[in-house]
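For reference, the chains in residue letters:
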Amino acid sequence: MKYDFHEIIDRSENNSLKYDELDSMFGRKDLYSLWVADMDFKVAPAIQKALEDKVKEGIYGYTSRPDSYYGSMVNWYNRRYNWNIDKDLVLHSPSVVSSLSLMVQEFTKPGDKIIIQPPVYYPFSNVVKNHGRKLVLNPLKEVDGKYYMDYEDLEEKIDENTKLLILCNPHNPVGRVWTKEELEKLGNICIKKGVKIVSDEIHGDLTLWGRRYTPLGSISEEFRKNTITCLSTSKTFNLAGVQASFIVVPDKEDFEKLDRVMGLYDVSRNNCFSLVAVEAALTHGEEWLEELLVYLGENIEFLIDYCKNHMPKIVPNKPEGTYLVWLDCSNLNMTTKELDDFMINKAKVALDSGFWFGREGKKYMRINVACSRELIKMALDSMKRAYDQL
Ligand SMILES: Cc1ncc(COP(=O)(O)O)c(C=O)c1O
């Protein structure tokens, strides 16, 4: 491999949420940190070089976006996913979660219903509730360790007050890369019933073992018109800290609405570092990404084998995408509190508790495998020592 994903990097001086907030999140610091979706890998060298060049300029004033910035994004989606995005209908947003929040604010009224599909990335429910909208759950169905959408339940739950569905494509935490057919079924129901879809596609590039990510808005003109898509380089290239993402908007009216609100809060400009980091990632990062995906796939296989051989009551769901693995811990027969206590105080690992993603997740934990395999082995050995004491 050309790029080194094996190195264990000390992030203690990195001002990193993943490490510095262990104590406040989990009540102790001496944990293997495999929680929040943030990779322990250094970025692709081309990104680091672009940032170094920017630092050398020595002037970090207000920014203006060059055409090449949006151009790099349009080319990326066109080349990799055959999706033609109109750059005049793309907005900048500091983060996907801020985009979700703004869209809930702009496209719904207090009391309107918004659907999510739990277990799902927990800010989805927070943004709905925090804006005083009604949360409607259309839980995924699990069959033999694989999750599916429940279309019948969805049809039943949509009524005239349902305005939005927030989709996670691919899905965090269950790791499904929704197929075109699955998305078509979902999209057709929403179009028929007049429900707009906000599709969070932040994990779209992180597909494993040849799975293909289908951008919802690329399926047809009808789908494009009914979909607002959130995209970002932050998961793919480990750039969450530079705070830049894109919103692909279907029409001028929605674009102007969102543009106005971005202006209102004065969040429409990139910081100068995000401008060069994102463009370098999308222009020069593909080879690094392809190697990363191989390494992540091997980490997941390593984790699955390890659990099978040493901790058979912890069963990883093999994901089709993302670097997050959903661990079925139901055979441990623990309450959520006991499971948390076991992972934190006995196994000494910081994982995302499944119930954060909805009550459907309460017998699960989510583990982040985007780090050196050696670190994963150390964390799993620590879990095994606690497991052997049960
Ligand atoms: C599905 C999903 N959406 C959004 C985010 C966060 O994105 P941002 O940092 O751009 O708000 C994450 C991070 O884990 C995620 O998994």
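In this text, all values refer to a predicted model and were calculated from it rather than measured experimentally. (Residues numbered from 1 in each chain as written. Predicted model: local features only at pLDDT ≥ 70, side-chain atom pairs only at ≥ 80, totals over all residues. Heavy atoms only, no water.)

1. Describing a negative patch on the surface
Logical step 1: A cluster of acidic residues, Asp10, Glu13, Asp20 and Glu21, forms a negative patch at the surface.
Logical step 2: Take aspartate 10: it is sitting in the segment before α1 (17-20). (Patch = residues over 30% accessible without salt bridge, like charges linked within 9 Å, V, L, I, M, F, W, Y side chains within 5 Å. Areas by Shrake-Rupley, 256 points an atom, 1.4 Å probe, with all protein chains shown as cover. Salt bridge = Lys/Arg side-chain N within 4 Å of Asp/Glu carboxyl O. Lys, Arg positive; Asp, Glu negative; His and termini not counted. Charge placed at Lys NZ, Arg CZ, Asp CG, Glu CD. Helix = DSSP H or I, 4+ residues; strand = E, 2+ residues; numbered from the N terminus.)

2. Points about the sheet that holds strand β15 (residues 364-368)
Logical step 1: As summarised here, the arrangement of the four strands in space is β11-β12-β15-β14, forming an open sheet in which the pairing is antiparallel. Two strands bound the open sheet, and with one partner strand each, they are β11 (315-317) and β14 (352-353).
Logical step 2: Strand direction decides the pairing type here: β11 and strand β12 (residues 324-328), joined by three bridges, are antiparallel. Across the sheet, the residue bridging to asparagine 317 is tryptophan 326, located in β12. (Pairing = 2+ DSSP bridges.)

3. Things to note about the domain arrangement of the protein
Logical step 1: Per the domain assignment, the segments of the protein are domain 1 (17-44 + 287-385) and domain 2 (61-284).
Logical step 2: In this structure, domain 1 and domain 2 have C-alpha centres spaced 25 Å apart.
Logical step 3: Counting residues at the interface gives 32 residues for domain 1 and 32 residues for domain 2.
Logical step 4: Surface buried jointly by domain 1 and domain 2 totals about 2800 Å² across both partners, of which 58% is contributed by carbon and sulfur atoms.
Logical step 5: By the criterion of area lost to domain 2, the three top residues of domain 1 are Glu320, Thr322 and Phe357, representing 27% of everything that side buries.
Logical step 6: The interface formed by domain 1 and domain 2 holds four salt bridges in total. (Domains from an automatic or database assignment. Contact = heavy atoms within 4.5 Å. Buried area = accessible area lost by both parts, 1.4 Å probe.)

4. Some points on the site of the ligand
Logical step 1: In the vicinity of the ligand, the contacting residues are Ala37, Ser95, Val96, Val97, Tyr121, Cys168, Asn172, Asp200, Ile202, His203 and Lys235.
Logical step 2: Separating an oxygen atom of the ligand from a backbone N or O atom of valine 96 is a distance of 2.8 Å.
Logical step 3: Within the side chain of lysine 235, a nitrogen or oxygen atom sits 3.1 Å from an oxygen atom of the ligand.
Logical step 4: Here the ligand loses 89% of its free accessible area of 400 Å² to cover by the protein chains.
Logical step 5: Here the shell around the ligand is built from residues that sort into six nonpolar, three polar and two charged. (Near = heavy atom within 4 Å. Polar contact = N/O pair within 3.5 Å; in protein donor to acceptor, adjacent residues only side chain to side chain. Nonpolar A, V, L, I, M, F, W, Y, C, P; charged D, E, K, R; others polar.)

5. What to know about the nonpolar core
Logical step 1: Ranked by internal contacts, the top residues of the largest apolar core, which has 75 residues, are Met73, Ile314 and Met343.
Logical step 2: If you tally residues by element for this core, the top one is helix α12 (residues 286-310), at 11 residues.
Logical step 3: Both of domain 1 (17-44 + 287-385) and domain 2 (61-284) provide at least three residues apiece to this core.
Logical step 4: When neighbours within four sequence positions are excluded, isoleucine 314 is seen to be in contact with Cys307, Leu327, Asp328, Cys329, Leu332, Met343, Met383 and Tyr387.
Logical step 5: Leu164, Ile228, Ile247 and Phe255 belong to the second largest nonpolar core, which has 27 residues in total. (Core = buried A, V, L, I, M, F, W, Y, C linked by side-chain atoms within 4.5 Å. Buried < 20%, exposed > 50% of the residue type's maximum accessible area, 1.4 Å probe, protein only.)

6. Some thoughts on the pairing of β15
Logical step 1: β15 sits mainly inside the fold: five of its five residues count as buried.
Logical step 2: Burial along β15 is two-sided: the face carrying Tyr364, Arg366 and Asn368 and the face carrying Met365 and Ile367 are both buried.
Logical step 3: Judged from the two bridges that link them, β14 and β15 form a sheet pairing that is antiparallel. Bridged to aspartate 352 within β15 is arginine 366.

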